[in-house]
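# Residue-level structural notes
The residues making up each chain are set out below.
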Amino acid sequence: MRQQRVLTGITTTGTPHLGNYVGAIRPAIEASREPDVQCFYFLADLHSLIKNQDPELLRRSTREIAATWLACGLDTSRAVFYRQSDIPEITELSWLLSCMTAKGLMNRAHAYKAAVQSNQEAGQDDDFGITMGLYGYPVLMAADILMFGADRVPVGRDQIQHVEMARDIAQRFNHHYGDHLVLPTAVVDDEVAVLAGLDGRKMSKSYGNTIPLFLPEKQLQKHVNRIKTNLQEPGEPKNPDESTVFQVWQAFANPGQREEMRREFAAGIAWGEAKRRLFELLNEQLREPRAHYEELMAQPALIERLLQEGAERARSYSRPLLARLREAVGLRRVDA
Ligand code: TRP
């Protein structure tokens, strides 16, 4: 039997933070160590063009994110790790799928609807600032997924709809042209923590409340000290389940350490002390990958080589499938 294929994309915008690590990078790397799966992880740089139109920023972000995954221990001899724009078959497939995608389906995409709504609220034209890239985003994402016959697509909740759209599009394609595409399923892992940020809301670049993953030690400490707490005094029992400090602790601690910190909270640990311990815990776990990250960032040619090798492996899957699909839709030689 064919191995289960797991695939996910990482949009190359911004600098990875602790929330990305806990919510996406760490579980994906763990999954890639399981014996019976073939993982495809890629840098979604074509998707990032929708929002990021600064060429130098795009390049830097791609380099940082690639280095982050490698530094966190992704083994590229197991997982196929590549850059979306290195796989021309994806963009070609995206067109074939566009011609099988109802415009009405795209009208219902959350990201597009949110953009229209915020235009309406601002008294703007519905289409203000909306590109075809944003509108067709789910089709490109469907191509990413269907190109590699992914069975499972681990994503955050906000992306479930896109995976379901990929499934709809694949069904329509298969119905019309024959059974060529694997129908994917979104997987959302409830065990995976959604990390809170400095202000207690979900850690997210758009809220400006993140702790970047590979900050120098001193900076890391400063950020941890900025985590918002209430005004309870040392000695007052504190509720761990309402504390961002505890929430972040929990995402990095082992079960014994979690229990111990719960007891410390009940015993009234001072916020300053709790933060000091949190910093120690984070620093201990991040020290090694941070050093590895810095080494990699100093050798962009090595990162590039790994990405090129990943692209070659990825294309050994994408080329034959695209050839088959071209044949299926009738893009054929005229003399055959
Ligand atoms: N849209 C995803 C995000 O913003 C990234 C992405 C692009 C993706 N292509 C994908 C995720 C294919 C899973 C599968 O997070």
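What comes next concerns the included structure. (Residues numbered from 1 in each chain as written. Predicted model: local features only at pLDDT ≥ 70, side-chain atom pairs only at ≥ 80, totals over all residues. Heavy atoms only, no water.)

### Here we look at the packing of aromatic side chains
As enumerated under the stated definition, the model contains 12 aromatic pairs in all. Taking 5.4 Å as the distance between ring centres and 20° as the angle between the ring planes, the aromatic pair formed by Phe-42 and Tyr-82 counts as stacked. Of this pair, Phe-42 sits in strand β2 (residues 37-44) while Tyr-82 is found in strand β3 (residues 80-83), placing the two residues 40 residues apart along the sequence. Accessibility classification places Phe-42 together with Tyr-82 in one group, the buried group. Each residue in the set Phe-40, Phe-42, Tyr-82, Phe-148 and Tyr-317 is aromatic and connected to the rest through ring pairs, giving one cluster. We note Arg-26 situated over the ring of Phe-252; from NZ or CZ to the ring centre the distance is 5.5 Å. (Phe/Tyr/Trp six-rings, centres within 6.5 Å; stacked < 30°, edge-to-face > 60°. Helix = DSSP H or I, 4+ residues; strand = E, 2+ residues; numbered from the N terminus. Buried < 20%, exposed > 50% of the residue type's maximum accessible area, 1.4 Å probe, protein only. Lys NZ or Arg CZ within 6 Å of the ring centre and 35° of its normal.)

### Some remarks on the site of the ligand
Around the ligand, the surrounding shell holds 14 residues, and the nearest of these are Gly-9, Thr-11, Tyr-137, Asp-144 and Gln-159. At 3.3 Å, a side-chain N or O of Thr-11 approaches an oxygen atom of the ligand. In the environment of the ligand, a nitrogen atom lies 3.0 Å from a nitrogen or oxygen atom belonging to the side chain of Gln-159. When the free accessible area of the ligand is taken as 370 Å², the share hidden by the protein chains comes to 87%. (Near = heavy atom within 4 Å. Polar contact = N/O pair within 3.5 Å; in protein donor to acceptor, adjacent residues only side chain to side chain. Areas by Shrake-Rupley, 256 points an atom, 1.4 Å probe, with all protein chains shown as cover.)

### Let's talk about the environment of His-162
Note on placement: His-162 falls in helix α8 (residues 160-177). The class of His-162 is buried, set by a relative accessible area of 4%. Residues His-162 and Asp-144, spaced 18 residues apart in sequence, show a C-alpha to C-alpha distance of 11 Å.

Keep in mind these numbers describe shape, not what the thing actually does.
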